[in-house]
Amino acid sequence: MLQGVKDQRQIALKEPELKNLKVLYGIYIFFVFGTIIMPQYFGLNIGYDLTCARMANLLFVVYMMLNPLILSHFVKTTLRCEIFYPFFLYLIVAGYTMVFRVDINAFFLVFFEALLLFMMVYGIRYVIGYQRAVKWINACAYFFGIYGLVEFACGQSLFLKFLRTLPTAVNNCYRSGHYRVMGPCGHPLGYGLVLLLLIALACVDLEKNEVYLFKRPVLLVLLLLNVVLTGSRSTLGIALAEVVVIILISNRTNIKKSLFMLVCFIFALGLFLLLFYKTGIGRYILMQITSVIDQVLGTELAGNFGADVTTLQNSESYRENLPEIFKLDWLNPFIGRGVKRGFGAEINGVYIHSVDNYYVVQYIKYAYPGLISYVLFMVTTLVVMVKSIVRYKSALCKLLLVATVCYYVNLWWLDALQTLKYEYIMIALFFAFVLQKRDESKTMDAVL
């Protein structure tokens, strides 16, 4: 009889507790799909940019004001997340930066990021459910995978062409005569960051609680092709490393299956390149592959396939000088410059006008206190993920850890480019899963 009670409790916990609140459920449908799919330059301008994510934020705030019990529950749920405390420190730094630099966006950009993160945690845990959230995110990934190929064929961003309703500096990007796919993001490098997250989630088998690289083979191939079409060397290199890690964390059976499928994939790719290496797409793929080899080995093979080797080398040299920004004596190490002020400096004879390193950008905007508090948030996230993997043996947690590590590692070569919302969705998915497991454990203890 006791076992029957346990089984009933477990079945009851499979559906999120607030799923039947239709208005709230509708808000979260809009929130999830609007946040993932719609670009930052789509929305309304009412003195500030009201994007889809911010519209959903405001709708949720209004809903909480009209339903105090939801507000109380949301606050309690937020405080249960270990990441709240380092993020709160980050908010404090953003707050005093706003005051000292008279820069309201220095605080509110971080505040909206926090609201998005914890609102997503709450919604996935209590309204949507982590299993449904995974299905929705993978559905968006299928859309991006197909859309990226269409965008490359069109030679321009269809998002930018048809959905630009807000003022934006976003433009179509080209390198070595080829268009670079950027999806819903403002730059191909940003889209590459998003793809790293989606690749990991595409490999989860929730029903069997397994990691399998080719769980969704069509989706995986589409996402990897999109990575190639972004023209980002760092993203392609990390995506290949991500594939290797995903294979290694699979069980023995899935490792064998993945290696067999991978050999077939490499054979098919090799055959395609052998037949079409003289075509535009063939040379483009070879250019991307060889550019990664060049970056690792210091060769210049990519030049044989049309790459502007000089530009690539200058880009690499430019990035190598970015850490020198920490040594600039005219930057205040305790109070950052905020977000409204531009940045420019001459370092070792190289003029720095854009900073392709998220951690250096954090130092410029929020000085050491902001950088340290954000790194503390990252470390807390990773530590909780590792502990949860040990405790729950969850394939989903393993892949979210891989996705998060790949994302934050790639930020050493890139700025976040307004893609933090995608990483926060992954972190929210993780904490929603963990909170549910903790609640299930408490329920079982109560029954016993």
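Predicted, not measured: the structure shown is a model, and the values here were computed from it.

Caption draft 1: Here's a closer look at the overall build of the chain. The helix and strand inventory of the chain stands at 17 helices and 8 strands. For 448 residues, the compact-globule estimate of 2.2 N^0.38 gives 22 Å, and the chain sits close to it at 23 Å. Summarising its shape, the C-alpha atoms of the chain cover approximately 70 × 60 × 40 Å along the three principal directions. Sorting the 448 residues of the chain into buried and exposed places 52% on the buried side. The long-range share in the chain, meaning contacts at least 24 apart out of those at least 6 apart in sequence, stands at 73%. Accessible surface, the chain as shown: approximately 20,400 Å² in total, 66% of it carbon and sulfur.

Caption draft 2: Highlighting unusual backbone geometry. A positive phi is found at Asn-209, a non-glycine position, where the angle reads about 55°. By relative accessible area, which is 40% here, Asn-209 ends up partly exposed.

Caption draft 3: Quick peek at empty space enclosed by the protein. As enumerated under the stated definition, the model contains 5 cavities of 30 Å³ or more in all. When its volume is computed, the largest cavity comes out at roughly 100 Å³. What lines the largest cavity is a set of 13 residues, and nearest its centre among them are Leu-189, Ser-232, Arg-233, Ser-234 and Arg-319. Considering each element in turn, the lining of the largest cavity owes the most residues, 3 residues, to helix 14 (residues 309–320).

Caption draft 4: Just the packing of helix 9 (residues 188–201) against helix 16 (residues 395–410), in detail. Packing of helix 9 against helix 16 leaves a shortest axis separation of 8 Å and a crossing angle of 165°. Considering their axes alone, helix 9 and helix 16 lie roughly antiparallel with respect to each other. Every pair of crossing elements has a handedness; the one defined by helix 9 and helix 16 is right-handed. Counted together, Leu-193, Leu-196, Leu-197, Ala-200 and Leu-201 of helix 9 and Leu-396, Leu-399, Leu-400, Ala-403, Cys-406, Tyr-407 and Asn-410 of helix 16 form the full contact between these two elements. A per-class count over the contact of helix 9 with helix 16 returns 11 nonpolar, 1 polar and no charged.

Caption draft 5: Region of interest: the nonpolar core. In terms of nonpolar packing, the biggest core is built from 152 residues, with Leu-117, Ile-325, Phe-377, Tyr-408, Tyr-424 and Leu-429 touching the most fellow members. With 17 residues, the top contributor of residues to this core is helix 6 (residues 104–128). What Tyr-424 contacts, discounting residues up to four positions off in sequence, is Phe-87, Glu-113, Leu-116, Leu-117, Tyr-374, Phe-377 and Tyr-408.

Caption draft 6: Quick look at the state of the cysteines. A full pass over the atoms with the stated rule returns 0 disulfides. No disulfide involves Cys-173; its sulfur sits 11 Å from that of Cys-185, the nearest cysteine.

Caption draft 7: Representation of the side chain of Lys-421 in the model. Following the sequence through the fold, Lys-421 ends up in helix 17 (residues 420–447). Glu-113 provides the closest opposite charge to the buried, unpaired Lys-421, separated from it by 11 Å. Engagement of the side chain of Lys-421 in a polar contact is seen with the side chain of Gln-40, the distance being 3.0 Å. Leave out the neighbours within four places in its chain, and Lys-421 touches Thr-35, Met-38, Gln-40 and Leu-116.

Caption draft 8: Up close: the pattern of salt bridges. Using the criterion set out here, one finds 8 salt bridges in the structure. The salt bridge partner of Arg-80 is Asp-439, with a shortest N-O separation of 2.9 Å. Residue Arg-80 is located in the loop between helix 4 (68–79) and helix 5 (84–101), and its partner Asp-439 is located in helix 17; the two are separated by 359 residues in the primary sequence. On the accessibility criterion, Asp-439 (14% relative accessible area) is buried. We note a salt bridge from Glu-324 to Lys-327, for which the minimum N-O separation is 3.4 Å. When its relative accessible area of 64% is taken as the criterion, Lys-327 is described as exposed.

Cut-off values and rules
- Every residue gets a number counted from 1 within its own chain, in the order that chain's sequence is written.
- Local features in this predicted model are restricted to residues whose pLDDT is 70 or higher, and side-chain atom pairs enter the listing and the counts only when it is 80 or higher, whereas totals over whole chains, interfaces and linings include all residues.
- With hydrogens and water excluded, all non-hydrogen atoms of the structure serve as input to the side-chain values.
- Numbering of helices and strands runs from the N terminus, with a helix taken as a DSSP run of H or I at least four residues long and a strand as a DSSP run of E at least two residues long.
- Atoms counted for the radius of gyration: C-alpha only. Globule rule: 2.2 Å times residue count to the power 0.38.
- Think of it in three bands: with a 1.4 Å probe and only protein chains considered, a residue is buried below 20% of the maximum accessible area for its type, exposed above 50%, and partly exposed in between.
- Contacts: residue pairs with any heavy atoms within 4.5 Å of one another.
- For every accessible area listed, the method is Shrake-Rupley and the probe measures 1.4 Å; residues are considered covered only by the protein chains on display.
- With a 1 Å grid laid over protein atoms only, a set of points is called a cavity when a 1.4 Å probe fits there but cannot get out and a pocket when it is open yet has protein on both sides within 12 Å along at least five of seven lines; lining residues have an atom within 4 Å of a point.
- Grid points are joined across faces, edges and corners, and a volume is the space filled by probe spheres set on the points.
- An axis is simply a line fitted to the C-alpha atoms; with a helix, the fit covers only the stretch in contact. Between two such axes, the angle follows the N-to-C directions and lies from 0 to 180 degrees.
- Angle categories: roughly parallel below 35 degrees, roughly antiparallel above 145, roughly perpendicular from 65 to 115, and oblique for all the rest.
- Put simply, a crossing is left-handed when the front helix is turned counterclockwise from the back one by less than a right angle, and right-handed when it is turned clockwise.
- Under the convention adopted here, Pro, Cys and the residues Ala, Val, Leu, Ile, Met, Phe, Trp and Tyr are nonpolar, Asp, Glu, Lys and Arg are charged, and Gly plus all remaining residues are polar.
- As used here, the term nonpolar core means buried Ala, Val, Leu, Ile, Met, Phe, Trp, Tyr and Cys residues forming a set that is joined through side-chain atoms within 4.5 Å.
- Counting rule for disulfides: a pair of cysteine sulfur atoms within 2.5 Å.
- We treat Lys and Arg as the positive residues and Asp and Glu as the negative residues; His and chain ends play no part in the count.
- Salt bridge, as used here: a side-chain nitrogen of Lys or Arg that lies within 4 Å of a carboxyl oxygen of Asp or Glu.
- Pairs of N or O atoms within 3.5 Å make up the polar contacts considered here, provided that, within protein, one atom can donate a hydrogen while the other can accept it, and that residues adjacent in sequence are counted only when both atoms are side-chain atoms.

Just geometry here; none of it tells us what the structure is for.
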